Each structure stands twice: as C-alpha cells, then as structure tokens.
Amino acid sequence: MAGKVNTKFILILGGAIALATVGGALVSQRMLKKDPAEHIKAGDAFMESKDYEKALGSYSRAVNREQNNAVYLTKWIDAMEKTAPESRSAYSERFTRDYLRALIRLADVKGDDLGAHQRVIEPMFQSYRMGVGAQAWNDLASHVETALKHFPEGNANRGKILRYRGLARVGLIQGRYE
C-alpha cells in the first residue's frame, strides 16, 4: 500500500510541476510578446494611480523593446525621477545603471537637442565634482566628445557643450578626485 501512495504522490507532484512550468512559460511568453505600446499604456495607468515603481517597470519593458523611442525614454526617465530607492546603494545603482544611461540614450536619440545633452552632462558634472575617481572625469570628457558629434563647428550651441569637456580636464588637473 505504501508503494501505491508513493507512486500516486509522485504522479500528482510531477503533474503539478509540469503544469506550473507550462503556466510560467506561457506567462513569460505573453510578457515578451507584449507590444511596447501596451507596456506604455499600463505604465501610464500606474503613473495616474501614483504607483511609480510599477510604472517604472512597465516603461522599462517598453524601452527595452524600443530603445530609440524618445517618448518611451522620457516616460521611463520621468518615472525614475518620481521614485526613491530605499537604500543609498540602490539609489546609486539606479542612478548609474538606469537613469544616466536613459538620459544618454535620450540625448543621442534627440540628436542636436541642447537641453537633452545638458540634462545628461550637468548631473554627471555635479556628481563628479563632489569627489570621484579620475576615470569619472575621463568618462565625462568622453561623453562630451560623443555629444559634440551632434553639434558641428559653427553651431551656436557647440560652446555650451564644449565647456564641460574643459571642466572635466580642469577637474583632472586639479586632482579633484579620491
């Protein structure tokens, strides 16, 4: 009798595991195939109900599917600005991993939009002057070089971007790090 119970239990357990696996795969497939516009619509609903973390997740999935969509990037950035990670390390990670990268991508997508580039460069500059490594100043100068590709010689806004490269070099020379 004990053998029958064990066999029955194993069959039931195996069936439950198989069912859970198939269900999980279907849910995953649905999430992956979801149109970015659906993620944006869900994010908008979460923003309206002030559930910013869920909005952030929805916008993030939309941006992951369409990384060159300025509207999606802007919504994702706005949601990040409305959230407050619980710890300093989580904040720092989100700032560098998500926020700055999103700003950089948005500036690249918007091309010669001076405001988009300043929105990236200014926070980088402000955080670096508080005391960071030499590599951070080099990263700032490198980002400015990339941004300058959108502002050719003769463009009235070129100097406004170019000044940050000079400030990064001054930071290196003055040893304002570590």
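Please read all numbers here as calculations on a predicted model, not as lab measurements.

Attention now moves to helix 8 (residues 158-174). Compared with the 24 Å implied by 1.5 Å per residue over 17 residues, the 25 Å span of helix 8 between its first and last C-alpha is a close match. G175 lies just past helix 8 and shows a positive phi near 70 degrees.

This brings us to the nonpolar core. Within the largest apolar cluster, 38 residues are counted, with the highest numbers of intra-cluster contacts made by W76, L140 and I161. Residue assignment for this core shows that the elements contributing at least two residues are helix 2 (36-48), helix 3 (52-65), helix 4 (70-82), helix 5 (88-110), helix 6 (114-128), helix 7 (134-148) and helix 8. Aside from chain neighbours lying at most four places away, what touches W76 is L56, Y59, S60, V63, D98 and A102.

Let us now look at the packing of aromatic side chains. On inspection of all chains with the given rule, the structure shows 4 aromatic pairs. Relative to F95, the ring of Y91 lies with its centre 6.2 Å away and its plane at 15 degrees, an arrangement referred to as stacked. Placement of both Y91 and F95 in helix 5 is noted, with a separation of 4 residues, approximately one turn of the helix. By relative accessible area, which is 48% here, Y91 ends up partly exposed. Exposure remark for F95: the relative accessible area of 17% places this residue in the buried category. When the centroid spacing of 6.1 Å and the interplanar angle of 65 degrees are considered together, the rings of F125 and W137 count as edge-to-face. Of this pair, F125 sits in helix 6 while W137 sits in helix 7, placing them 12 residues apart in sequence. For the pair F125 and W137, one class covers both residues: buried. Feature note: the residues Y91, F95 and Y99 constitute an aromatic cluster, connected by ring pairs.

Calculation rules
Residues numbered from 1 in each chain as written. Predicted model: local features only at pLDDT ≥ 70, side-chain atom pairs only at ≥ 80, totals over all residues. Heavy atoms only, no water. Helix = DSSP H or I, 4+ residues; strand = E, 2+ residues; numbered from the N terminus. Expected span 1.5 Å × (residues − 1). Core = buried A, V, L, I, M, F, W, Y, C linked by side-chain atoms within 4.5 Å. Buried < 20%, exposed > 50% of the residue type's maximum accessible area, 1.4 Å probe, protein only. Contact = heavy atoms within 4.5 Å. Phe/Tyr/Trp six-rings, centres within 6.5 Å; stacked < 30°, edge-to-face > 60°.

Such coordinate-based values are descriptive only and should not be taken to indicate function.
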